[in-house]
Amino acid sequence: MSDKPDGAIGLKVVDAFDLEPELRALLRPNEMAMGKAGHQHRLPRYFYEVPSHERAKEVRLTPHLGLNEFLLVDLKEAPLIRNYPRYIPCAVRLLAFYLERLRELVGQPIHLAVNGGYRSPVHKLAVGITPHMWGTAADLFRIGPTLLNAKDAIEKYNRIAEDLSDDLWVMPYGHDIGSADDHIHVDLGYISLVPREMTEDRAEVSQAGPRFAIEERRRGDRRTFPQPPPTPEPPGPPLA
Amino acid sequence: MHEEQVPGQARPVARRVVTSFLVQKAAESPAHGTLIARTEDSLYRTVLGVKETHGIEELGIAFWDAETTIQWSYNADRPFHAASTMKLAVLLGVFRQIIRGELTADAPVHVRNKFTSIVDRKPFTLELNRDSDPEVFANLGRTMSVEQLAYEMITRSSNFATNLLVDVVGVPAIQRALDELRIDGVQVLRGVEDQPAFEAGLNNQVTANGLLRLLRLLAEGEAWSAEASQRMREILLEQRFKSGIPAGLPKDARVAHKTGNISTVHHDAGIVYLEGRKPYVLVILTQFPMQAGDASAVAEVSRDIYESLVGAMA
């Protein structure tokens, strides 16, 4: 864990392997997770520690975006994740940078939806993995006075976001999974950010015990994997 | 006992339950027993009169008086479209989850106008009205607590809050709440404004006896716990729609109740608190021919029952 707060936003950076086991089991740092089409991605390991709701409101990621906007969740998020201190992947700063550019382009305030910023891997909205788990996706439900719940509005702002940068992916308008009809979704993909002050050279395994339950289970599975019956030794040469 | 013959339908039954109170009173004074019987006769005739005057197609009534322990019902096991009286069951389901520690009253819920039909699993949205549902509408895109939503669901009969809570708690948990409290006659299949479900005939249903049982548990502090029952009663006492049962009562009466109105049905179900006596529970369900609904019938029945009870006790 870094004792120095991140210079830019004044929050402590945390290696999630150093967190309490219950929290680690929910955040699953550095664990491979299966995405669409069988692609695997490594979940984030470095998080900002947000000590309180007041602090979340104080911290500005950009001139117009507060950290608290990326932490808005409801009871679909696990209670332990909702409690302060809260943790948000460091890559959220990249997302905020792009959203600030989008705000400049549209010339109006942009509003993240509840559950539209960071979601943990156990968030109940998760259908497989999503860049929300990396802190690199945003669902916007309103831009200026316009509620984004109609095809025209969604497609208009989707085009603007797409034109802003090739780094941004937008979700098409539609009613099914993989599309959106009451918000616009923009994301940067699966980006993990390693803050300058962190070192990656140390072992991931906690010195006090197993990293997290799922790894232990895997090890257990390997230990108990059925072994082929021992091959009988070939008979030796007859004794003279 | 009186019965009414309705061609082609099961005959509605008006039934009194002769309780220990009445037996005792009748033993003390045969004249009192006669008075009760006369009251019931009078009530029955009045109810039939209201039914005819207002052109009510179907009428279901159940009441239970904690003061006299009189229980009386008319056609009380006939299922009606629940309309918004189903929100009583949702309230019960929410408190069940809170009592079990599966939910907290202050848990935040995303106010999002997107729901799923139980028929085709396709999404649908509610026609939102800023005037009738100002609190929930104002929080669109933000969060409200479970308790705030429960309050809006009951006091303003917010459909938006109701569907959000049904999503949070789940229909199975709501039905389990009813089953655990042995409330027969209340069936919850879905939230509100699920048009494909309505067209498929999949509707929430209530009987007068079912709602009577539910409210009686609340009145007696036996819905999960005394504290939970009290909190639910407090919410119901804040009801803003007063054209049903309260309209037939003296101004100082307090009523913990829930109305249910759609084009063809007008219901009200509540606990009536009058000064100087124990409360009574009253459920009035009315069904009208298409688009001919008349909410004043509920108030009229409420007034008749109040006057009958006061008369019986005089």
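Residues numbered from 1 in each chain as written. Chains lettered and ligands numbered in written order. Predicted model: local features only at pLDDT ≥ 70, side-chain atom pairs only at ≥ 80, totals over all residues.

Draft legend 1. Here's a closer look at helix α9 (residues 208–219) of chain B. Residue and element names in this part refer to chain B. When the terminal C-alpha atoms of α9 are compared, their 16 Å separation across 12 residues agrees well with the 16 Å that a helix rising 1.5 Å per residue should span. Of all 12 residues making up α9, 11 are buried, and the element is well covered by its neighbours. The set of residues buried in α9 consists of Ala208, Asn209, Gly210, Leu211, Leu212, Arg213, Leu214, Leu215, Arg216, Leu218 and Ala219. Count one or two residues on from α9 and you reach glycine 221, which has phi positive near 70°. (Helix = DSSP H or I, 4+ residues; strand = E, 2+ residues; numbered from the N terminus. Expected span 1.5 Å × (residues − 1). Buried ≥ 20, exposed ≤ 12 C-beta atoms within 10 Å, placed from the backbone.)

Draft legend 2. Geometry of helix α5 (residues 151–164) of chain A. Residue and element names in this part refer to chain A. End to end, α5 covers 20 Å across 14 residues, agreeing with the expected 20 Å (1.5 Å per residue, within 8%). By the burial criterion, the buried members of α5 are Ile154, Tyr157, Asn158 and Ala161. Summarising the axial view, the buried residues of α5 lie within an arc of 110°, below the 170-degree limit, and thus occupy one face. Of the exposed residues in α5, the ones pointing more than 90 degrees away from its buried face are Asp152, Arg159 and Asp163. Check the buried side of α5 and you find it contacts α4 (92–106), β9 (137–143), β11 (169–170) and β12 (184–187). (Arc of directions from axis to C-beta. Contact = placed C-beta atoms within 7 Å.)

Draft legend 3. Region of interest: the sheet that holds strand β7 (residues 86–89) of chain A. All names here are of chain A. Pairing is antiparallel in the open sheet, where three strands are placed in the order β1-β4-β7. The two strands at the open ends of the sheet, each matched to only one other strand, are β1 (12–15) and β7. Averaged over all neighbouring strand pairs, the angle between strand axes comes to 40°, with direction disregarded. Inspection of the sheet shows β1 paired to strand β4 (residues 46–50) by four bridges, in the antiparallel sense. Within β4, the residue paired with valine 14 across the bridge is phenylalanine 47. (Pairing = 2+ DSSP bridges. Axes fitted to C-alpha atoms, helices over the stretch in contact; angles between N-to-C directions.)

Draft legend 4. Expanded view of the domain arrangement of chain B. Residue and element names in this part refer to chain B. Taken as a whole, chain B is organised into domain 1 (1–78 + 207–314) and domain 2 (86–183). Domain 1 puts 19 residues into the contact, and the matching count from domain 2 is 15 residues. Among the secondary structure elements, those contributing two or more residues to the side of domain 1 that touches domain 2 are α9, α10 (226–237) and β12 (254–261). Counting residues per element, the side of domain 1 that touches domain 2 draws most heavily on α9, which supplies five residues. For the side of domain 1 that touches domain 2, the per-class residue count stands at 11 nonpolar, four polar and four charged. (Domains from an automatic or database assignment. Nonpolar A, V, L, I, M, F, W, Y, C, P; charged D, E, K, R; others polar.)

Draft legend 5. Region of the structure containing the interface of chain B and chain A. Listed per partner, the contact involves 13 residues of chain B and 10 residues of chain A. At three residues, the largest contribution of residues to the side of chain B that touches chain A is made by strand β6 (residues 108–110) of chain B. Taken together, the residues of the side of chain B that touches chain A sort by class into five nonpolar, four polar and four charged.

Draft legend 6. Unusual backbone geometry, seen in detail. Omega for the bond connecting tyrosine 84 of chain A with proline 85 of chain A falls within 30 degrees of zero, at 0°, which places this linkage in the cis form. Mapped onto the secondary structure, proline 85 of chain A falls in the loop between α3 (79–82) and β7. With phi around 45°, alanine 83 of chain B is a residue other than glycine that occupies positive phi space. Mapped onto the elements of the fold, alanine 83 of chain B is located in the loop between β5 (80–81) and α3 (86–99). Here alanine 83 of chain B falls in the buried class, since 24 other C-beta atoms lie within 10 Å of it.

Draft legend 7. Structural view of the sheet that holds strand β10 (residues 186–187) of chain B. Residues and elements named next belong to chain B. As summarised here, the arrangement of the three strands in space is β5-β11-β10, forming an open sheet in which the pairing is antiparallel. Edge positions in the sheet fall to β5 and β10, since each has one partner strand and no second. In this structure, β10 lies alongside strand β11 (residues 205–206), joined through two bridges in antiparallel fashion. Opposite glutamine 187, over in β11, you have glutamine 205 as the bridge partner.

Draft legend 8. Representation of the environment of glutamate 238 of chain B. Residue placement: glutamate 238 of chain B occurs in the loop between α10 and β12. Counting along the chain gives 17 residues from glutamate 238 of chain B to valine 255 of chain B, while the straight-line C-alpha distance between them is 8.6 Å.

Draft legend 9. How the structure looks around the pairing of β4 of chain A. Residues and elements named next belong to chain A. By the criterion of burial, β4 is predominantly enclosed, with four of the five residues buried. Pairing between β4 and β7: four bridges, direction antiparallel. Its bridge partner lying in β7, glutamate 49 is registered against tyrosine 87.

Draft legend 10. A look at the confidence of the model for chain A. Residues and elements named next belong to chain A. Taken as a whole, chain A shows an average pLDDT of 84; of its residues, 80% reach a score of 70 or greater. Low pLDDT, under 50, characterises residues 206–229; the predicted model gives this stretch 12 contacts beyond four residues in sequence or across chains. Taken as a whole, residues 235–240 scores under 50 in pLDDT and shows zero contacts with residues more than four places along the chain or in a different chain. (pLDDT = per-residue confidence, 0-100.)

Draft legend 11. Structural detail: the confidence of the model for chain B. Residues and elements named next belong to chain B. The share of residues in chain B with pLDDT of 70 or more is 86%, and the mean pLDDT across the chain is 87. Below a pLDDT of 50 lies the segment residues 1–11, which in the model reaches 12 contacts outside its immediate sequence neighbourhood of four places, other chains included. Note that pLDDT drops below 50 for residues 17–23; the model gives that stretch 11 contacts with residues more than four away or on any other chain. Scored as a complex, the prediction yields pTM 0.82 and ipTM 0.74.

Draft legend 12. Just the pairing of β12 of chain A, in detail. Residue and element names in this part refer to chain A. Where burial is concerned, the two faces of β12 agree: the one with Ile184 and Val186 and the one with His185 and Asp187 are both buried. For β9 and β12, the ladder comprises four bridges, and the chain directions are antiparallel. In the strand pairing of β12, leucine 140 is matched with isoleucine 184. Direction of pairing for β11 relative to β12: antiparallel, over a ladder of two bridges. Looking across to β12, one finds that tryptophan 169 is bridged to aspartate 187.

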